[in-house]
Every structure is written in structure tokens, then in C-alpha cells.
Amino acid sequence: MGLFDRFKKGLQKSRTTLAERLGNVFRSRKLDESVFEEMEEAFIAADMGVETAMALVEDVRALARKHRIEQAEDLPDLMVEAMSSMLSEADSSMNFATDGPTLVLVVGVNGAGKTTSIGKLANYYLQQNKRVLLAAADTFRAAAIEQLLAWGERAGCDVVRHSQGADPAAVVFDAIQAGTARNVDIILCDTAGRLQNKSHLMSELAKIRKVAARELPGAPHEVLLVLDGTTGQNGLSQAKVFKEVVDVTGIVVTKLDGTAKGGIVIPIVHEQKIPVKWIGLGEQMDDLQPFDARAFSEAVCRP
């Protein structure tokens, strides 16, 4: 299955909310202000939020003037162009270390799909013939350690772990030492997601970052925030808080195959200026895909 087909299948519910609704609006109508008003309503219904919906409509309006569009049925092409451009404002490519292991911290609230995303990321890079090591730095919950061990076994890579309650920074330290000694390419670090105790989480992540930077030049090379796509605007709120707590470099949006709220991807990029780097389009091991702005826009804008 090609990239566009994966996106189209995984974003079916979001496409039903947006493209099919607008398909009825656009059909056999002359382009006027009422069409743009209904477009804005559809964007808001797709969980883009008012600010982003208004900005996106203005971009489509400007393109319509530029291309001298007179019929509403010609708007889907412009929607794809405007949305793709907005989503491309931030670079979605991963940052890799020039020498030695690339250290990726994975953060997010419990239940967002953090550990599962780490397992799927490991599988993705193993399929690229990369050497991968996992670090169980969410030592607050024994279940988190066990879950990561299960994913490590399933994906086929080792997991560095300590006992429950251990210092998370010590786990990351050991993972860096092991990763360097074993000449691995990527170290994926699970972290605790206790957002309700923000000051504790901030100090914990700050300590991890300090240890990582001391032991590995340029580390952490990525800080990926995992957001549950089904939570819609609540995901945007989480992005704001984690951006305050830690220097988030990219977003992983999970469970988009099970929601009509795929539009939340757009305000995250537009309002928070954080690139979406990975997108979860199903429950299989290979259903976590690198984000592609064009494929996403095509998938949600066309019936």
C-alpha cells in the first residue's frame, strides 16, 4: 500500500467529517461569501479551532483570487494547497546525530499511546536496518516498564531498565553507555507522563536532559510529544503545556484512524509552531508513519 493510500485509509473518519460535508456545499454553486462561511464551519467541526480555521479560509480565499476561481467545486484543489502549505511551516524531518547514537526522548501523558509509539518507532527503524535500543525511563509505573519490555521483545530490540522507583536519569545514563558501547543508531527513551504534577515532571525531564547532554553531544536530538488524536482540542492544550515544560521538537499523533478529529493536527503546527513528525493510522506495527503534509491534506480534503 502506497503512502497516499495509507493516509486515505487511516484518515477515513476525518475525511468523512470534512471532505464529504464540503462536497455537498461545493456542488454546482457559484463561489460567494456564503461558501467560505460554510467552509469555516466545516473546518471548526473537524476540530481545527477557530483561529486556525479562519486563517486557513483566508489562505483559500487568497488562492481563489489569485487563480480567478469562480465555481465552488474548484475549491478542493485550493484547500489541499493551503493546508499543505500551512502544515509545511515547520520541518517534519527527524534530526539525527552526526556521530554516535541519536537519543530521542518520548514524552506525553499516560494513555496517549506513548509506549506503543516507541515500539512502533523501533519497528520502523529496525526495518530501515538501524540498530535500536529502548530505555525504560518511566520508572514511576511498573506497568510502563513491563509494557516497554513487551514491545522490545515484539520489535526485536533490547531494553535498558531499572526497577520501579529508580532515578529516570540513571536509566538514560545507562542507555547512553550501552548504546555507545554497542554502536547502536537510535536510543528511544520512554518517560513519565504525570502532567498533573507539572513541577515534578519539569525537574525530572530537566535532569534527564542535563545527563543526556553531558554524556552524548547534542542530546537529546529529538523530544517527541505523543498526543492522542481522539482527544481533539485537549491535545492542543497538552501541546501548549509540554512546550512550556520541555523543548518539544516534534509531535506524534496517535489513533487518528479512530476519530473524526484529524483536524487537530493543523492548529498544533500553525499555532504552536511544532512540527508533526509521525502519525498513527492504525493498530498494526507498521501503521505509524512519517508525517507527509501533502498526503495528509489530500486524504482529508478529497472525498
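Just above sits the structure.
Residues numbered from 1 in each chain as written. Predicted model: local features only at pLDDT ≥ 70, side-chain atom pairs only at ≥ 80, totals over all residues. Heavy atoms only, no water.

A. View of helix 8 (residues 168-181). Look at helix 8: 20 Å from first C-alpha to last across 14 residues, which is about the 20 Å you get at 1.5 Å a residue. Every buried residue belonging to helix 8 is among P168, A169, V171, V172, A175, I176, A178 and G179, and all of these are buried. The N-capping residue of helix 8, defined by a side-chain oxygen 3.1 Å from the backbone nitrogen of A169, is D167. N183 occupies a position one or two residues after helix 8 and carries a positive phi of about 60°. (Helix = DSSP H or I, 4+ residues; strand = E, 2+ residues; numbered from the N terminus. Expected span 1.5 Å × (residues − 1). Buried < 20%, exposed > 50% of the residue type's maximum accessible area, 1.4 Å probe, protein only. Polar contact = N/O pair within 3.5 Å; in protein donor to acceptor, adjacent residues only side chain to side chain.)

B. Here's a closer look at the sheet that holds strand 3 (residues 158-160). A sheet is described by the order of its strands in space; here eight strands give the open sequence 3-2-4-1-5-6-7-8, paired in mixed fashion. In this open sheet, the two strands that pair with only one neighbour each are strand 3 and strand 8 (288-290). The average angle at which neighbouring strand axes cross in this sheet is 25°, direction not considered. Relative to strand 3, strand 2 (residues 132-136) runs parallel, the two being bridged by three bridges. Residue pairing for strand 3: L133 is matched across the bridge by D158. Strands strand 1 (102-107), strand 2, strand 4 (186-190), strand 5 (222-228), strand 6 (250-254), strand 7 (276-280) and strand 8 of the sheet are contacted by helix 6 (residues 114-127), whose axis makes an angle of about 170° with strand 4. (Pairing = 2+ DSSP bridges. Axes fitted to C-alpha atoms, helices over the stretch in contact; angles between N-to-C directions. Contact = heavy atoms within 4.5 Å.)

C. Examining the pattern of salt bridges more closely. Inspection of every chain in the model, using the stated rule, returns 14 salt bridges. Between D138 and K114 there is a salt bridge; the shortest N-O distance is 3.9 Å. Note that D138 is positioned in the loop between strand 2 and helix 7 (142-155) and K114 in helix 6, a separation of 24 residues in sequence. According to the relative accessible area criterion, D138 is buried, its value standing at 2%. Residues D138 and R141 are paired through a salt bridge, measuring 3.7 Å at the closest nitrogen-oxygen approach. By sharing partners, the salt bridges in this structure join K114, D138, R141 and D190 into a single network. (Salt bridge = Lys/Arg side-chain N within 4 Å of Asp/Glu carboxyl O.)

D. Quick peek at helix 4 (residues 50-66). Relative to the 24 Å expected for 17 residues at 1.5 Å per residue, helix 4 spans 24 Å between its end C-alpha atoms, a close match to the ideal helical length. In the core, the buried residues of helix 4 are packed alongside helix 3 (33-45), helix 5 (75-87) and helix 11 (265-272). Positioned one or two residues after helix 4, R68 has a phi angle of 55°, which is positive.

E. Spotlight on the packing of aromatic side chains. Inspection of the entire model under this criterion finds five aromatic pairs. Ring geometry for F96 and Y125: centres 6.0 Å apart, planes at 85°, overall edge-to-face. Residue F96 is found in the loop between helix 5 and strand 1, and its partner Y125 is found in helix 6; the two are separated by 29 residues along the sequence. Given a relative accessible area of 6%, Y125 falls into the buried group. On the numbers, 5.2 Å between centres and 90° between planes, the contact of Y124 with Y125 is edge-to-face. Of the aromatic side chains, those joined through ring pairs into one cluster are F96, Y124, Y125 and W278. We note R61 situated over the ring of F36; from NZ or CZ to the ring centre the distance is 4.6 Å. (Phe/Tyr/Trp six-rings, centres within 6.5 Å; stacked < 30°, edge-to-face > 60°. Lys NZ or Arg CZ within 6 Å of the ring centre and 35° of its normal.)

F. Spatial organisation of the nonpolar core. M39, F43, L75, M83 and F296 are the most contacted members of the largest nonpolar core, which totals 107 residues. Take this core: its biggest share by element is eight residues, from helix 5. Not counting chain neighbours up to four residues away, the residues in contact with F296 comprise F7, L11, M83, L87, G262, V265, I266, I279 and F291. (Core = buried A, V, L, I, M, F, W, Y, C linked by side-chain atoms within 4.5 Å.)

G. Geometry of the pairing of strand 1. Among the six residues that make up strand 1, six are buried, leaving the element largely enclosed by the rest of the structure. Burial along strand 1 is two-sided: the face carrying T102, V104 and V106 and the face carrying L103, L105 and V107 are both buried. Relative to strand 4, strand 1 runs parallel, the two sharing five bridges. If you follow V104 over to strand 4, its bridge partner there is L188. Bridge count between strand 1 and strand 5: four bridges; the pairing is parallel. Residue pairing for strand 5: V107 is matched across the bridge by L225.

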